[in-house]
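Per-entry structural report
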Amino acid sequence: MTLRLAIFDCDGTLVDSQADIGAAMDGAFHAMGLVPPPRSETRRIVGLSLTEAMRRLHPEGDAQTHEMLTQAYKDTFRARREAGMVGEPLYDGIATLVEGLAHRGWLLGVATGKSDRGLAHCLTTHGLARHFVTLQTADRHPSKPHPSMIEACLDATGADTALTVMIGDTAYDMAMARNAGVRAIGVDWGYHERAELFAAGAHAVAGSVAELAELLHAVG
């Protein structure tokens, strides 16, 4: 049997979480007595592991400060979720795309900078968890663009690199795909520009979910 594997990023690809991420980042910096970065800078680091993100957003800080900011972010995000303040809506058409791919025999995975808990909550909330056979997060892997998460997806499914696609909205996703030797498809509804995605190695960039479905249909 030919195994086709589609690995999705989460934030900026499956769900629009920029408002939630921005609010949690503001809260983390305030908790540390620091001035939060502009939202435009926060958008730039979505997809990285939290500690790497804090290094970039607060470069003058030391390792301990970055770890404290990381924990403050987790605490703030968790408190907002428990208070019912986290939305993370799916982009239009994503649920239908995911369900259709699963129905046609695609293996589906996620490679994300989210935590295990955050990803599980997001997928369960939207009723999509049952469609994904491998979930890789920043809890167990180096930050993108290291290929570890994709390599784990390949190991878990037995899929061939030639029939595996990484789908994401950032240059980190595209570089990770290239580093792992799989096809890189960008989406332009997330947090990095089309030109950045191509510069990072995207084989193609979808401008809509319908176009993404067409690109995936051509695989294999």
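Computed from a predicted model, the values in this text were never measured in an experiment.

Let's talk about the overall build of the protein
The secondary structure content of the protein amounts to ten helices and six strands. Seen along its three principal axes, the alpha-carbon backbone of the protein occupies a region of about 55 × 35 × 30 Å. Counting the 220 residues in the protein, one finds 55% classified as buried. Sequence separation of at least 24 residues holds for 63% of the intrachain contacts in the protein that already meet a minimum separation of 6. For the protein, the exposed surface amounts to about 9,500 Å²; the carbon and sulfur share of it is 52%. Within the protein, the 27 negative side-chain charges are centred at a point lying 2 Å from the centre of the 19 positive side-chain charges.

Things to note about the nonpolar core
Ranked by size, the top nonpolar core spans 48 residues in total, and within it Phe8, Leu14, Tyr73, Phe132 and Leu212 carry the most contacts. No other element matches the five residues that helix H1 (residues 18-31) contributes to this core. Not counting chain neighbours up to four residues away, the residues in contact with phenylalanine 132 comprise Phe8, Leu14, Val98, Leu108, Gly109, Val110 and Leu123. In this structure, Ala111, Ala159, Val182 and Ala202 belong to the second largest nonpolar core, which totals 19 residues.

With respect to the state of the cysteines
Counting across every chain of the model gives zero disulfides. In this structure cysteine 153 is a free cysteine whose sulfur lies 13 Å from that of cysteine 10, the closest cysteine sulfur available.

Section: the pairing of strand E2 (residues 107-111)
Along E2, five of the five residues are buried, which leaves the element largely enclosed by surrounding structure. Along E2, one buried face is formed by Leu107, Gly109 and Ala111 and the opposite face, lined by Leu108 and Val110, is buried too. Pairing of strand E1 (residues 5-8) with E2 involves four bridges; the strand directions are parallel. Across the sheet, the residue bridging to isoleucine 7 is glycine 109, located in E2. Relative to strand E3 (residues 134-136), E2 is paired through three bridges, and the arrangement is parallel. Pairing of valine 110 across the sheet is with leucine 135, part of E3. Regarding topology, helix H6 (residues 116-125) serves as the crossover connection from E2 to the parallel E3, and that connection is right-handed.

Some thoughts on the sheet that holds strand E6 (residues 204-206)
A sheet is described by the order of its strands in space; here six strands give the open sequence E3-E2-E1-E4-E5-E6, paired in parallel fashion. Looking at strand neighbours, the two that pair on one side only are E3 and E6, the edges of this open sheet. The average angle at which neighbouring strand axes cross in this sheet is 25°, direction not considered.

As for the environment of lysine 74
Tracing the sequence through the fold places lysine 74 in helix H4 (residues 63-82). In this structure lysine 74 comes out as partly exposed when scored by relative accessible area, which is 34%.

Overview of helix H7 (residues 148-157)
Summarising burial for H7: seven of the ten residues are buried, a large majority. If you check which residues of H7 are buried, you get Ser148, Met149, Ile150, Ala152, Cys153, Leu154 and Thr157. Glycine 158 sits one or two residues past H7 and shows a positive phi near 75°.

Quick notes on the pattern of salt bridges
A side chain with one charge can pair with a side chain of the opposite charge if their charged atoms come near. This structure, assessed with the given rule, holds twelve salt bridges. Two residues, aspartate 11 and lysine 114, come together in a salt bridge whose shortest N-O distance is 3.2 Å. Residue aspartate 11 is found in the loop between E1 and H1, and its partner lysine 114 is found in the loop between E2 and H6; the two are separated by 103 residues along the sequence. Residue lysine 114 is classed as buried on the basis of its relative accessible area, which comes to 10%. Each of Asp9, Lys144 and Asp173 takes part in one network of salt bridges that share partners.

Reading the values: rules and limits
Residues numbered from 1 in each chain as written. Predicted model: local features only at pLDDT ≥ 70, side-chain atom pairs only at ≥ 80, totals over all residues. Heavy atoms only, no water. Helix = DSSP H or I, 4+ residues; strand = E, 2+ residues; numbered from the N terminus. Buried < 20%, exposed > 50% of the residue type's maximum accessible area, 1.4 Å probe, protein only. Contact = heavy atoms within 4.5 Å. Areas by Shrake-Rupley, 256 points an atom, 1.4 Å probe, with all protein chains shown as cover. Lys, Arg positive; Asp, Glu negative; His and termini not counted. Charge placed at Lys NZ, Arg CZ, Asp CG, Glu CD. Core = buried A, V, L, I, M, F, W, Y, C linked by side-chain atoms within 4.5 Å. Disulfide = S-S within 2.5 Å. Pairing = 2+ DSSP bridges. Right-handed = clockwise from strand over helix to strand, strands pointing away. Axes fitted to C-alpha atoms, helices over the stretch in contact; angles between N-to-C directions. Salt bridge = Lys/Arg side-chain N within 4 Å of Asp/Glu carboxyl O.

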